[in-house]
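This is what each chain is made of:
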Protein chains: 2
Amino acid sequence: EEFREDIQEYRSLLPDGFFDDAYTQLTVALRRLAYMLSIDEMDDADVALILQPMVYGNYGTDSGSGYFYTRSVISGENRLEGEFFQGKFDSIDETGRDINKLDPKYLGELKRCAALVEEHYREIRLIRFTLENKNVWFIDQRPVMMKSTQADIKTLLDLHQKKKIDDAYLINAIKPGQLNEILHPVIDTPSVKDLKCLEGGISGAPGACIGRICFSTEGLLEAHKNAIKNGEDTRFILCLNSSFAEDVKAIEVSTGVLSCEGGYSAHASVVSRQYGKVSLVRPDLKLQGSKAVLGGTPIKQGDYLTINVPYFGEPRIYLGKASLIEPKPESSGLLDYMKVVKKYVKGFHVRVNADKARDAELALKFGADGVGLCRTEHMFFDEKRINCFREMIIADSQAKRREALKKLKVMQRKDFYDIFKVMAGRPVTIRLLDAPLHEFLPHNEADFEGFMKYLRTQNKTVPPAKELAALFDSQKEFNPMLGHRGCRIAVSYPEIYQMQVEAIFESVFDLQKEKVAVYPELMIPIIMNPEELKLIVYGKKIEGFNYKGLVDVEKEIRAARGAKAVPYKVGTMIELPAAALGAGEIARYAEFFSFGTNDLTQTTLGLSRDDYNSFMPDYTLYDIIAGNPFETLDKNVKELISTAVRRGTMTRPSLKKGLCGEHGANPANIAFCIENGLDYVSCSTYSVPIANLAIAQYNLKS
Amino acid sequence: EEFREDIQEYRSLLPDGFFDDAYTQLTVALRRLAYMLSIDEMDDADVALILQPMVYGNYGTDSGSGYFYTRSVISGENRLEGEFFQGKFDSIDETGRDINKLDPKYLGELKRCAALVEEHYREIRLIRFTLENKNVWFIDQRPVMMKSTQADIKTLLDLHQKKKIDDAYLINAIKPGQLNEILHPVIDTPSVKDLKCLEGGISGAPGACIGRICFSTEGLLEAHKNAIKNGEDTRFILCLNSSFAEDVKAIEVSTGVLSCEGGYSAHASVVSRQYGKVSLVRPDLKLQGSKAVLGGTPIKQGDYLTINVPYFGEPRIYLGKASLIEPKPESSGLLDYMKVVKKYVKGFHVRVNADKARDAELALKFGADGVGLCRTEHMFFDEKRINCFREMIIADSQAKRREALKKLKVMQRKDFYDIFKVMAGRPVTIRLLDAPLHEFLPHNEADFEGFMKYLRTQNKTVPPAKELAALFDSQKEFNPMLGHRGCRIAVSYPEIYQMQVEAIFESVFDLQKEKVAVYPELMIPIIMNPEELKLIVYGKKIEGFNYKGLVDVEKEIRAARGAKAVPYKVGTMIELPAAALGAGEIARYAEFFSFGTNDLTQTTLGLSRDDYNSFMPDYTLYDIIAGNPFETLDKNVKELISTAVRRGTMTRPSLKKGLCGEHGANPANIAFCIENGLDYVSCSTYSVPIANLAIAQYNLKS
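Okay, so let's go over this structure.

## Examining the overall build of chain A
Here comes step 1: A tally of regular secondary structure across chain A gives 28 helices and 28 strands.
Here comes step 2: The 702 residues of chain A split such that 55% are buried.
Here comes step 3: Put simply, 68% of the contacts in chain A that link residues at least 6 apart link residues at least 24 apart.
Here comes step 4: Accessible surface, chain A: about 30000 Å² in total, of which carbon and sulfur atoms supply 52%.

So this is what it looks like as structure tokens:
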């Protein structure tokens, strides 16, 4: 408003007709004024820049104007990025010449200025200039809003190398959440210009992805296999109403998931985040076999979609194939950045939630100090394994169950071996089976048929389909989250955990021979009271029944191998309010606690992650919940955690305490964890750098 | 062992052949000895009885022997009950003459002795005697194991009236749990003698019932209607895999439920207990349309079954129609007994969980001091109402929802009116809608068709069946217990609670005109944080949205009626750990707390009531859980309750605190509730006397 008045005043002072010619000059002056008003501190260089006589740049062909960023705002490459307009000043909607094609005598001047400004402001800047009478005149310089995190990091690393900034500045200059951007591919904006765009939806897992659409897990796996065979594009997007455990294998090879049920906490979203995939929930998606209608637009099997789910702002689906800029931690500067960050991460550290050696390996590069949560059930979702697991479920005797488990053990042993080896010298926390058995059952006809076929190939007496279906049906639960899962399965079927512990220690002792240091930590989920943990860890003999404890399984394996003892820990998840309150007694049998804050939040608030999306918008409308309790720890959940820490440590001063689950990746929770005596957070691979940065920033502050 | 040695010794002392004749005498002597050894205190009467010379009763036809109970062990009627064997001593497997047909000259002597013994031992006793030489000889007397609670109570009441025992003795002589027996019908044992018996199953709701079997809610309701019309037996047993909300109306008119899924905490079991019905779960039950196979035995629609689910011991199903002994609180002595008990119930009291005036009325007789939980959703399960409720659910606008709610209001107002009137002068706690909406949806084809038909009669534009089915389908939840229910529904659809509050106050002001004192207490379920409660009670205005608070609804109704204010309270259920921990802030908006210990146990232990039966046997086997946490309060649940009481009372010293849910009926929880500052427990009608007795016994102890 003030500026508009200024312009009016200028107009009245000037002779008629003058204004049109002088308009551009005025613009420049006013821009400077604006800049002056918004600037915080001004030194001599600034003042000189402002007091410099007005420049024009439109005096003939050897004059001209241009702008440039002090370096690439996309890649951070130390090379000017901008345009030059010969004989013109401030051209709108015109493409100029690449700034780097300017006469070297000018370019040198521009580069010198770029370095000066960057060093002064310690960030990428935009500089405008004119050429007149063979002189370079700098008009102004200003901050850049639209730049990538990679560009920021590269700039900071250069400045850091030149000793223009110290470690603290380097670390504090990047907000932890910003790293998300550098960890996932981003859409190359020009490539979507001509694609039809559908806005909206619920963000499940942010990022950008491209792929051909598939409407079933079977279909996607088949298409993916064929694409590899034929050397075609292997990128596919899974499109379902909602996903189940059996779909994990498709999600894993997909680039993203498009679904219509649930929201941020739906299975599809949670798994996608875990696997670093993009996930978008569009409630308006209507599936019809191998076709679908999305906001009135029909899409069919094999169509290319480009999905962009930004960290902030509206998600977008583009009909067609755009191009992406892939993240490269090595060349993005992230790994160099993390090296500095890690110097300030001591004591309280970050572990990774990883079920696969390759995830663990990447996490190591990102600064993980161990595996905090290896979810063993994910290991069974593999196409080849799940039928074997199902065979175990339908076994009607312990002997038959053990037979199926024997086959699974071979597979699981290899998984553990690989992870332990990658994490040599670092703790690896393995959570024994947590998922309810019915999560592994077939969810559709084809899957059911596949299992029947598998059974026949195993030369088993295959039960009648009807009977099998009834058996599967009887496994359904009203509230599976609060049902027969975790240690409760172990109480009913001790042989499952026994198999897992055998697989763990067989691989531990294999690695011992190879002189690889392994620090296994066995974690029991869904502990409700100390008696459960005592039974599972130390066993129990009750008239005719002998429940073999995990410590005895280890002893047997060790004796059979003639191996030396390897130090290992046994601990528990604290994910139920009863466990948090009963922590004092539970710590008698647990050497570590890992707070499973997803389930702890669900039970403390009585809020199902999978169902709360249907009414959360109403809660947000009336402002009756502070943030998303599945991202930022609720205060009651915090109270339970600190109570458990206090009571547990009272019983066992050496008790290790960690937090696993996506809350650990949220920088907003880091201070609480540190201040309440926790030893680590554990989060998904792609969140490891974020958590590490948050910790370093916390440590620098205190 | 000692006795056997004694016998050997006797044998050695006696001449050969003597022993056989004297065997019966020896038996008598040894029985006396046994009695002596087990007796606690012995007075002159005892000694005289023991030192009395040996008697025989087999000296000719005017001799004889017999036994009698000092009164009826079944009814407690003050009339000898026993047999007399003319000319015989101690006849086994023979039926003698009714003791009351004995010559009055002897009978008088027996009655005098009965009164003497009963007054001395203050309980029913069994007395044995012989007749010889026209004399009555008393052989021994002993306690009676097999006697009914009614008989005990009648005896105690007689003794109390004769001032032979005081109030304390009367009250302490009956264990609270014993009252269960007197509150439900029991099987008349001789009537099942010839019926085929199938043992086993999981006790859902104890008791005994008889009825013709029906395999669907529709079928049962139809059969019940016809039976009334034709004057036939109206007793039916509902037989289903498992029950849902819509089956409640059939459970209500049935005598019992036979199901095969779940267990003590299954829907069928919980509802049966609530309605005082018998419920048995038989996992071996296989349903096939209008037939079923039960443990290999086929049963069909219309067959009579007699089900006995005892408080202790194995449940039994008898194929056929036995006869029952129905409870009669008036004639059983229970009401007289409760009058004495109630003298010792002061301050801490018992309320009833009742949704119907007739339940509330019976509870009053049982000593209830108000309604502690009126579950308003049960009011919608009525056949006529549920379709109207469904119409509300499928409404796609607030206007349409209000239209359907208007119809429901008329019905609900009448329910409230009746309950308030019965409970005149006493508090009535009404819990606003708690159940998730999908509980009301059709669960089968017939029900779905019924709803479609209903919609057509309402002259509505009926949506296509496919669309409707999809809409219903979309309402399904993964973990409904932790889903969109209770106050969360109210946040999304404020008009539902508004309708309920209108219905409440319209009936309150109707009763004001009739000069009936009403003390309504409005209770909000599943509160997770104080903001929810504040919104619902006091409303909120947010840019364009005006959430009308319950207090404003009351004001509007009052103004419209020109009525005077009636004192009412607004409070909340505390049934989530977050609510218990956040009680300090929640109490700012709540005048009372009612601990919903069913849900609080589920969330604290992460244990679904409906699913835990599948693995609880394993927990019991290894002894890793102390009792059933849904019957006896878990220690962590107790900690949360006492924390909530402490924090809530700190904020609001006048805060009223109660506990609703079946935990309140368990005498084992009464001491905790009293000692932790609660004001009442609320339980189902048939548990009210039990809780009252437990309180009286507690008060007498302290």
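What follows continues from the structure just given.
## Points about the sheet that holds strand β13 (residues 285-288) of chain B
Residue and element names in this part refer to chain B.
Here comes step 1: Strand order in this open sheet of three strands is β13-β14-β15, and the pairing throughout is antiparallel. Sheet topology places β13 and β15 (297-300) at the edges, where each strand pairs with a single neighbour. Looking at each pair of strands side by side, their axes are set apart by 25 degrees on average, direction ignored.
Here comes step 2: When strand β14 (residues 291-294) meets β15, the two strands line up antiparallel, connected through four bridges. Its bridge partner being in β15, L294 is matched across the sheet by T297.

## Regarding the interface of chain B and chain A
Here comes step 1: Taken together, the contact pairs 50 residues of chain B with 50 residues of chain A.
Here comes step 2: Summing the contributions of chain B and of chain A, the shared interface buries around 4800 Å²; its carbon and sulfur component is 61%.
Here comes step 3: The largest share of the area that chain B buries against chain A comes from F478, L482 and Y622 of chain B, three residues that together contribute 15% of it.
Here comes step 4: At the boundary of chain B and chain A, one finds four salt bridges.
Here comes step 5: Between K635 of chain B and E585 of chain A there is a salt bridge, with its nearest N and O atoms 3.5 Å apart.
Here comes step 6: Run the count over chain B and chain A and you get 25 residue pairs in polar contact (both at pLDDT 80 or more).
Here comes step 7: Sorting the residues of the side of chain B that touches chain A by element identifies α18 (487-492), α20 (530-538), β23 (540-542), β24 (545-547), α22 (577-581), α24 (597-605), α25 (616-621) and α26 (635-651) of chain B as the ones contributing at least two each.
Here comes step 8: Counting residues per element, the side of chain B that touches chain A draws most heavily on α26 of chain B, which supplies five residues.
Here comes step 9: Looking at the side of chain B that touches chain A residue by residue, the classes come out as 24 nonpolar, 13 polar and 13 charged.

## Things to note about a positive patch on the surface
Here comes step 1: A cluster of basic residues, R79, R97, K101 and K111 of chain A, forms a positive patch at the surface.
Here comes step 2: As for its placement among the helices and strands, R97 of chain A is situated in strand β3 (residues 97-98).

## Things to note about the packing of aromatic side chains
Here comes step 1: Applying the stated rule across the entire model yields 36 aromatic pairs over all chains.
Here comes step 2: With 5.3 Å between their ring centres and 85 degrees between their planes, Y622 of chain A and Y547 of chain B make a pair best called edge-to-face. Of the two residues, Y622 of chain A is situated in the loop between α25 (616-621) and α26 (635-651) and Y547 of chain B in strand β24; the pairing between them involves two chains. Accessibility classification places Y622 of chain A together with Y547 of chain B in one group, the buried group.
Here comes step 3: Between the aromatic rings of Y612 of chain B and F630 of chain B, the centroid separation amounts to 5.0 Å while the plane-to-plane angle is 70 degrees, which identifies the pairing as edge-to-face.

## What to know about a negative patch on the surface
All names here are of chain A.
Here comes step 1: Judged by side-chain charge, E218, E222, D382 and E383 come together as a negatively charged surface patch.
Here comes step 2: Looking at the secondary structure, you find E218 in helix α8 (residues 217-230).
Here comes step 3: On the basis of relative accessibility, which here comes to 39%, the residue E218 falls in the partly exposed class.

## Section: the nonpolar core
Here comes step 1: Y497 and I641 of chain A together with I641 of chain B are the most contacted members of the largest nonpolar core, which totals 310 residues.
Here comes step 2: The contact partners of I641 of chain A, leaving out residues within four places of it in the chain, are F595, T597, L600, L633, L659, F672 and L678 of chain A.

## Structural notes on the sheet that holds β3 of chain A
Residue and element names in this part refer to chain A.
Here comes step 1: Read from one edge to the other, the open sheet built from five strands follows the order β3-β2-β1-β4-β5, with strand pairing classed as antiparallel. Each edge of the open sheet is held by one strand with a lone partner, namely β3 and β5 (135-143).
Here comes step 2: Of the strand pairs in this sheet, strand β1 (residues 64-69) and strand β2 (residues 81-86) are connected by six bridges, and their pairing is antiparallel. Bridge pairing in β2 links F68 to G82.
Here comes step 3: Along the sheet face, helix α4 (residues 104-121) touches β1, β4 (125-132) and β5 and points at about 30 degrees away from the line of β5.

## Observations regarding the pattern of salt bridges
All names here are of chain B.
Here comes step 1: The full count for this structure, using the stated rule, is 83 salt bridges over all chains.
Here comes step 2: With a closest N to O distance of 2.9 Å, R390 and D447 form a salt bridge. Here R390 is found in helix α14 (residues 383-394), whereas its partner D447 is found in helix α16 (residues 445-457), with 57 residues between them in sequence.
Here comes step 3: Under the relative-accessibility criterion, R390 is labelled buried at 1%.
Here comes step 4: Given a relative accessible area of 9%, D447 falls into the buried group.
Here comes step 5: Salt-bridge contacts for E514 lead to K421; the nearest nitrogen and oxygen are separated by 3.0 Å. Of the two residues, E514 is situated in the loop between α19 (494-513) and β22 (519-524) and K421 in helix α15 (residues 398-422); the sequence distance between them amounts to 93 residues.
Here comes step 6: Overall, the relative accessible area of 37% leaves E514 in the partly exposed class.

The rules behind each value
Residues numbered from 1 in each chain as written. Chains lettered and ligands numbered in written order. Predicted model: local features only at pLDDT ≥ 70, side-chain atom pairs only at ≥ 80, totals over all residues. Heavy atoms only, no water. Helix = DSSP H or I, 4+ residues; strand = E, 2+ residues; numbered from the N terminus. Buried < 20%, exposed > 50% of the residue type's maximum accessible area, 1.4 Å probe, protein only. Contact = heavy atoms within 4.5 Å. Areas by Shrake-Rupley, 256 points an atom, 1.4 Å probe, with all protein chains shown as cover. Pairing = 2+ DSSP bridges. Axes fitted to C-alpha atoms, helices over the stretch in contact; angles between N-to-C directions. Buried area = accessible area lost by both parts, 1.4 Å probe. Salt bridge = Lys/Arg side-chain N within 4 Å of Asp/Glu carboxyl O. Polar contact = N/O pair within 3.5 Å; in protein donor to acceptor, adjacent residues only side chain to side chain. Nonpolar A, V, L, I, M, F, W, Y, C, P; charged D, E, K, R; others polar. Patch = residues over 30% accessible without salt bridge, like charges linked within 9 Å, V, L, I, M, F, W, Y side chains within 5 Å. Lys, Arg positive; Asp, Glu negative; His and termini not counted. Charge placed at Lys NZ, Arg CZ, Asp CG, Glu CD. Phe/Tyr/Trp six-rings, centres within 6.5 Å; stacked < 30°, edge-to-face > 60°. Core = buried A, V, L, I, M, F, W, Y, C linked by side-chain atoms within 4.5 Å.

In short, the description is geometric, and any link to function would need to be established separately.
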